[in-house]
Structure formats: C-alpha cells, structure tokens
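Here is how the chains run, residue by residue.
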Amino acid sequence: MKRTVLAASISLAVSGLLIAGAGSPAVAAHAARPHPPKADKSQAIQDARDSIAAHPSAVRASSDDTFTSSSVLVDKDGSRHVHMTRAYRGLPVLGGDVVVHSAPSGAFRESTLTLKNSLSVPVTPKVSAGRAEALAQKRFQGKRATTTSTLVVDALSGTPRLAWRVTVDGIAPDQSPSHFNVLVDALTGQVGQTWNDFHTADGTGHGYQVGDVPLTTTAVSGGYQLKDSTRGNGETRDAQNLTATNDSPPAGWGKAFTDTDNVWGNGTLGDRATVAADAHFGIQATWDYYKNVHGRNGIKNDGVGARSFVHYGNNYANAGWDDTSFSMIYGDGAPGDKPFTELDVAGHEMSHGVTSATAGLNYFGDAGGLNEATSDIFGTLVEFNANSSADAPDYLIGEKISSTPLRYMDDPKKDGASQSCWTTGTKNLDPHYSSGVGNHFFYLLAVGSGSSSWGNSPTCDGGTVTGVGNAAAGKIWYRALTTYMTSGTTYPEARTASVKAAIDLYGASSSQCAAVEKAWSGVAVVPTATTCGGVTPPTGSNLLSNPGFESGAVNWSASTGVITNDTGAAPRSGSYYAWLDGYGSAHTDTLSQSVTVPATATAPKLSFYLAIDTKESGTTPYDTLKAQVVYGTSTTTLATYSNATPGGYAQRTLDLSAFKGKTVTIKFTGTEDSSAATSFLIDDTAVTTG
C-alpha cells in the first residue's frame, strides 16, 4: 500500500508552542485514504492549529508564540486558508499575522507571512505607559478626547522591538474622526511609525446625487425608516451637522430618517433626505456587489449591515469609514458645494472595512498603498456593478466631487502626486498616493495598456498588456486580499499573492494568470519566485523537459507512484508533482532526467521547489532527500535535505558549473527509515544556463 495517513494524532505540544483557536493534521495522506468531507470553519481552524504545531519553522514560531484565528476561508474543493494573529509571551505582535494554507485533506501546504525570523524580544518596558502617551499626544493635531496604550511587539519593519501602541482618539482639524496611532519604543522612548485607523477619501467635498434609485426601507409606526432589513439592517441616519463626542458615532447616535410615503428627498439640497437617499443607495450597492459577486455576506461576512451618517459636521468636506463604530460619515462639503455622497466613495470607504476584516493591511508603507488601492478598486467595481445612469461607471475616483478626479486609475501620476510605477521609495508616500501603483496594476489587468474608451494607460516596462475584464480582475484581487495578503504585505508580495490567486481561480497556464504577471511588470513590480509557469529560472531558458510534471511521467525516470496528481498532497502549481517517500517504512524513491549542460553556459544552475512534511520529531536527520548529478560512474551530491527542516514549498537553487559541456543525469534520491514517515514533494524544476 502507498503512503498512510500521517496526521490524525499529531501532538499539539511542539517545543511548548501554544495555539489559541482550533487546528489541523500536519502531513498528507495518499491514494488509499478516502477523500475527506469538505471542512467547516472549525475544522479549518483545527487544521491550521495542528499545522503550526507540526511546522513551527514555517510560521517563524517559537515556544513563546500563541496564535488565534481571525478569519477563515474554505474553498469549494475543501482547501483551507486561516488568517491567524500572533502573540509573543502574551503581547500582540504587530506584523506577526500569518495565513496558514491547508490541502483538502487537511495537510499543510504553505504559509503566508511577512515576519522573517522567530521573535526574541524583551517584554519588560523601561518607558512607562504614561510617558509613551505623553510623547504620542505631542504628535496629535486636533481636539483630543481619550488616549489609551497597549504594550506590543512591533514587527512591522526592521528589527522587532518592544513598543507601546498608543491610540489618541479625537477630532482632527478638518472635523474628521481620528484614531491616531503612535508606536513608542518601550525601552528607549523613541517615537516610531504613526497612522490613522480612520480612513478618508481625499477630496474637497463637491458631492453629487445618485439620481432616481430604488431603496429598501423598513415599515415603522406611522410610516417608514431608512433601515434595510434585507441587508443586515444597514441604516442611514442624520448626524444633524454634529460630530460624535468620542469621535466614533455610537449606536443610536444621530437622528433616524423617517417618512410617511416612502419617498426620500426631492433631488435638491433643500431636503435633508436627498443625500440620505444617496448614502442609503451606497450601502445597498456595496452590499450587493460583495454578496452577488464574491458571496460575501456583509462587510465582515457576518450578515451585519453598516450605518451611514449624512450631514456630518459643519461644512465638513470629506467622507470616511470608521471601523470602530462600523459606520460611514458624509460631510455636506464646503459652502456652496454639494455633499460628499458619490457612489464610488461609498464603495471605497466601506471596502476599508472589508480589508480590516480580512488581510488587515496596515495604513502605512506599501501596505498602506495597497489598502487604499483595494478601496479604489472595489469602489470602482461597486460603481460598475450598480451601472447607474446618473453616475456612469468609469476608472476615475471621485470624479463628481470636484472639477478634476481625485485619482486616475489608467495613469495615476496624472493627479500630480500619485505614482504610476513602483519604486523602493513608494512606501514613504501617503497611502492615497502610493495607492497609484495598485490602481494602475488593476487598470492594466482589467482594461489593458494603451488607449481605450476608459483612458490611456502606459506601462512602466514598455510592454503591452491585454486586459481580462472587471469580472476576472475583481475575483483575482478579492482572492489575493482575503487568502494571501497579511498586514504587512508589500507590492512585490502582492504580486505573489495575486499570481497565486489567479492560479487558484483559472490555472497556471491561463490567460488570466499571464495577464497578472504582465500587469505587475507594467507597473515595475518585478517577478518573484512565484510565477504562472511555476519556477522562475534564475536566468536563461529551462533545459529540462516537462519540468512541472504536467505531462505525467513523460521525459522522467521515476519510482512507481512518484510522479502523481494525487489529491492527498498538493502540487505547488498545476495538477502534477513528484512525491518521494512518505511510507513510514524503510523505502527509497528516485526521480531523474538526463540533460546536457552547454559548455557556453555562464552560470548553470539547477532549481526546484521542495516541500517537506514529516511525522518525525527533533533535529536528527532520519529521512533524507539528496539532489544529485550523475556523470558516467560518478555521482555528486549537491545538497541533502531531511525531516529536520520541514516546511512548505520553497525554491532551492544549486550550482552546476562543474558540469559545463557534459551530458549528465539530474537525480533526486529519497531515503526513508523504518519508523515515522517523511514526504518530500518536488515541483517546478529547472536547469538554466545563466
């Protein structure tokens, strides 16, 4: 019989590692195992829990770490993706979150995270909370309400450190609610990163009407109320030109809009219900987009509707989403202008809530730009999905608010501040401007490069991109956001995330995946190790035939059952992969192919992706995989891998310079002892000339 189940009774105590939430089998099953039923969310969490326990190195975990599930996605085929937050010795770790990906069988596939190494940080502060709060308050501008502080581990950038996360709540000078965050080094008192958890659109308050639209309301005594029971009781209320006392509109704040004839507003600003109709339609249109296109049941996917407050503040020239109170606010704009109630603004702001509930992207650095771009992208898609005659859909952001659009997706630099092409300095911009890279990518992916009825989009690399349409582009971005992004995702990591998403949805050889790669190159985000074709060769063309095993055993010599599409484990890309060992008994598997290394090769290399899944414990190498080169009667071992370093797919690159001008056999030899099983999974191989 081929491999047996390796995970059913894995211990959850690995070097004292503690995990809050629920967990998973850590190793794959093979063909003899029946296909498991589709997992529910609790089983998905259990899978992730056990995977972390079995593979702590894959998530940079130590005995001081604990993990708690924050969101769960189970694919139609049963694959599981669990987003987990991390605590270190009881302290929240900013930038320590991880997404654990499991196969339909529950086997660990890979992890997504930004943390580079396991944490080793002192947890006793030398700077008091009061001192940290005083330092943070000096950075806040506006009317301060309350200040709170929490001791955290700051792993957002550079070397992780102990810090106070100080949140100053209040009202900003422009009347916006503010949740101003400041990180203060708890050992030195140095003030570090700052950001605001209240997200606004960047405009001047020239709002508009959405025209004649249908509204879903609730019958109450004497008439109707602007509350939608079909969309989680989403409600629109009158802020009465006030600002919330504690900067977040509490439940029951403001005044309910009621009416006797269920007709709201008259199309003029003389009726306060006119802009209420705009805002209420924004709630409906955003809910419907996420529900009908992505199957998402509300902003947090919990069936709860958002609230909107119109007539917020006195001549308040902005709009925004407040995640704390789960609400939208709209100001009336500067004197003489219309309120700030454009449809793509509503979709934009409420999409901040979706981001908060999924990837939790930071609001600074590359992640801040991705956060804003995500809201621009989905705000635009909400507008297209609604297809209102009063606000014809386009790829402009806030075009009805002022005389010129706030942002241009076809070529973001046209606004004079945003970037169209990514650089290492993009992370230093305000998120509204660093979002240009993400907006430009999405436009290229959806519409394509060059001139069209929507705009004129150049590429940063001079290449040509053929768009795949809004439907495919939106699905790819949504899956990338909800499945593969974490709080500190950078633009290069977003490229990886969206390529993975495209492979998941459309396949590695699809035109959609190829367009994702071209669109990212079109905004100067260069390829990463994750590509549609599998491995990215270091340089040169691939000399191996059938390098991803997608033609089965063609061109390869292998032990029986090694080249497989068995669903008990998982390929890195495509459907086939090589599975060596995993029996739990004394066994040897081999995999090989002959190749000629040209004498003219400048830097020939062998590269491949390897995942190691084991039931062994400790650091003794009981089971091994050798990457070898056979020339004549001589066998050279280039590298040896073992059960001592388990983990998901990672690219390995080995030097072949000693074999220039020779015809050799590339060989993998997996050797397993007679006790616990170890599986070595290989995919996306390449021999390149340099």
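Rules behind the numbers
Residues numbered from 1 in each chain as written. Predicted model: local features only at pLDDT ≥ 70, side-chain atom pairs only at ≥ 80, totals over all residues. Heavy atoms only, no water. Pairing = 2+ DSSP bridges. Helix = DSSP H or I, 4+ residues; strand = E, 2+ residues; numbered from the N terminus. Phe/Tyr/Trp six-rings, centres within 6.5 Å; stacked < 30°, edge-to-face > 60°. Lys NZ or Arg CZ within 6 Å of the ring centre and 35° of its normal. Disulfide = S-S within 2.5 Å. Buried < 20%, exposed > 50% of the residue type's maximum accessible area, 1.4 Å probe, protein only. Salt bridge = Lys/Arg side-chain N within 4 Å of Asp/Glu carboxyl O. pLDDT = per-residue confidence, 0-100. Contact = heavy atoms within 4.5 Å. Axes fitted to C-alpha atoms, helices over the stretch in contact; angles between N-to-C directions. Parallel < 35°, antiparallel > 145°, perpendicular 65-115°, else oblique. Nonpolar A, V, L, I, M, F, W, Y, C, P; charged D, E, K, R; others polar. Expected span 1.5 Å × (residues − 1). Bend = angle between axes of the 7 residues up to and from the residue. Polar contact = N/O pair within 3.5 Å; in protein donor to acceptor, adjacent residues only side chain to side chain. Left-handed = near helix turned anticlockwise from the far one by under 90°.

1. Examining the sheet that holds strand β28 (residues 605–614)
The strands that make up a sheet pair up through hydrogen bonds in the backbone, lying either parallel or antiparallel. The five strands lie next to each other as β25-β26-β33-β28-β31, forming an open sheet whose pairing is antiparallel. In this open sheet, the two strands that pair with only one neighbour each are β25 (563–564) and β31 (647–655). Across seven bridges, β28 lies against β31 in antiparallel orientation. When the sheet's bridge partners are listed, Lys605 is paired in β31 with Asp655.

2. What to know about the packing of aromatic side chains
Scanning the model with the defined rule gives 23 aromatic pairs in all. In this structure an aromatic cluster arises from ring pairing among Trp253, Phe309, Tyr312 and Tyr316. Sitting over the ring of Tyr609, Arg572 keeps its end group 3.6 Å from the ring centre.

3. Notes on the state of the cysteines
Inspection of every chain in the model, using the stated rule, returns two disulfides. With a sulfur-sulfur separation of 1.9 Å, Cys421 is cross-linked through a disulfide to Cys460. Disulfide Cys421-Cys460: the torsion about the S-S bond is -90 degrees, which places it as left-handed. Here Cys421 is found in the loop between β21 (407–408) and α6 (431–446), whereas its partner Cys460 is found in the loop between β23 (455–457) and α7 (470–484), with 39 residues between them in sequence. Taking relative accessible area as the criterion, Cys421 reaches 29% and is therefore assigned partly exposed. A relative accessible area of 29% places Cys460 in the partly exposed class. Disulfide pairing is shown between Cys513 and Cys532; the S-S distance is 2.0 Å. Taking the sign of the torsion about the S-S bond as the criterion, the disulfide between Cys513 and Cys532, at about -95 degrees, is left-handed. Of this pair, Cys513 sits in helix α9 (residues 511–521) while Cys532 sits in the loop between α9 and β24 (557–558); the two residues are 19 residues apart in sequence, bridging distant segments of the chain. A relative accessible area of 5% means that Cys532 is categorised as buried. The connectivity of the disulfides in the protein is 1-2, 3-4, where the numbers refer to bonded cysteines in sequence order.

4. A look at unusual backbone geometry
Here Arg89, not a glycine, exhibits a phi torsion of approximately 50 degrees, which is positive. Turning to its location among the elements, Arg89 is positioned in the loop between β2 (80–88) and β3 (91–94). Positive phi, normally seen in glycine, also occurs at Asn315, with a value near 55 degrees. Looking at the secondary structure, you find Asn315 in the loop between β17 (307–312) and β18 (319–322).

5. Thoughts on the pattern of salt bridges
If you walk through the whole model with that rule in mind, you get 18 salt bridges. Arg80 is the salt-bridge partner of Asp47, the closest N and O atoms lying 1.7 Å from each other. Of this pair, Asp47 sits in helix α1 (residues 41–54) while Arg80 is found in strand β2, placing the two residues 33 residues apart along the sequence. For the pair formed by Asp47 and Arg80, the shared burial category is buried.

6. Let's talk about the confidence of the model for the protein
Averaged over all residues, the pLDDT of the protein equals 87, while 91% of them reach at least 70. Low pLDDT (under 50) marks residues 1–37, which in the prediction has 121 contacts with non-local residues, meaning those over four places away or in another chain. pLDDT under 50 marks residues 202–208. Its contacts with residues more than four places away, or in other chains, come to 41 contacts.

7. Some details on the packing of helix α5 (residues 365–386) against helix α8 (residues 491–506)
Packing of α5 against α8 leaves a shortest axis separation of 9 Å and a crossing angle of 50 degrees. The orientation of α5 with respect to α8, classified from their angle, is oblique. Judged by residue contacts, Asp366, Gly369 and Leu370 of α5 engage Tyr491, Pro492 and Ala494 from α8. For the contact of α5 with α8, a count of residues per class yields four nonpolar, one polar and one charged.

8. Side note on α6
Given a rise of 1.5 Å per residue, 16 residues ought to cover 22 Å, and the 22 Å separating the end C-alpha atoms of α6 matches this to within 8%. Where α6 bends most, the angle comes to about 30 degrees, and this point is Val437. Among the 16 residues that make up α6, 15 are buried, leaving the element largely enclosed by the rest of the structure. You can read the cap of α6 off the contacts: a side-chain oxygen lies 2.7 Å from the backbone nitrogen of His432, and it is on Asp430. Gly448 occupies a position one or two residues after α6 and carries a positive phi of about 110 degrees.

9. Things to note about the sheet that holds strand β12 (residues 223–225)
Reading across from one edge, β11-β12-β16 is the order of the three strands in this open sheet, with antiparallel pairing throughout. Unpaired on one side and paired on the other, β11 (218–220) and β16 (258–259) mark the two borders of the sheet. The pairing of β12 with β16 spans two bridges and is classified as antiparallel. Of the residues in β16, the one forming a bridge with Gln225 is Thr258.

10. Topic: the environment of Thr243
Looking at the element boundaries, Thr243 is found in the loop between β14 (234–238) and β15 (255–256). Not counting residues within four places of it along the chain, the set of residues in contact with Thr243 comprises Ile171, Gln175, Trp253, Tyr312 and Gly313.

11. What about the packing of α8 against α9?
Where α8 meets α9, the axes come as close as 8 Å, and the angle between the chain directions of the two elements is 165 degrees. Between α8 and α9, the interaxial angle falls into the category roughly antiparallel. Considering how the two elements wind past one another, α8 and α9 form a crossing that is right-handed. Side by side, α8 and α9 meet where Tyr491, Ala494, Arg495, Ser498, Val499, Ala502, Ile503 and Tyr506 of the first sit next to Gln512, Cys513, Val516, Glu517, Trp520 and Ser521 of the second.

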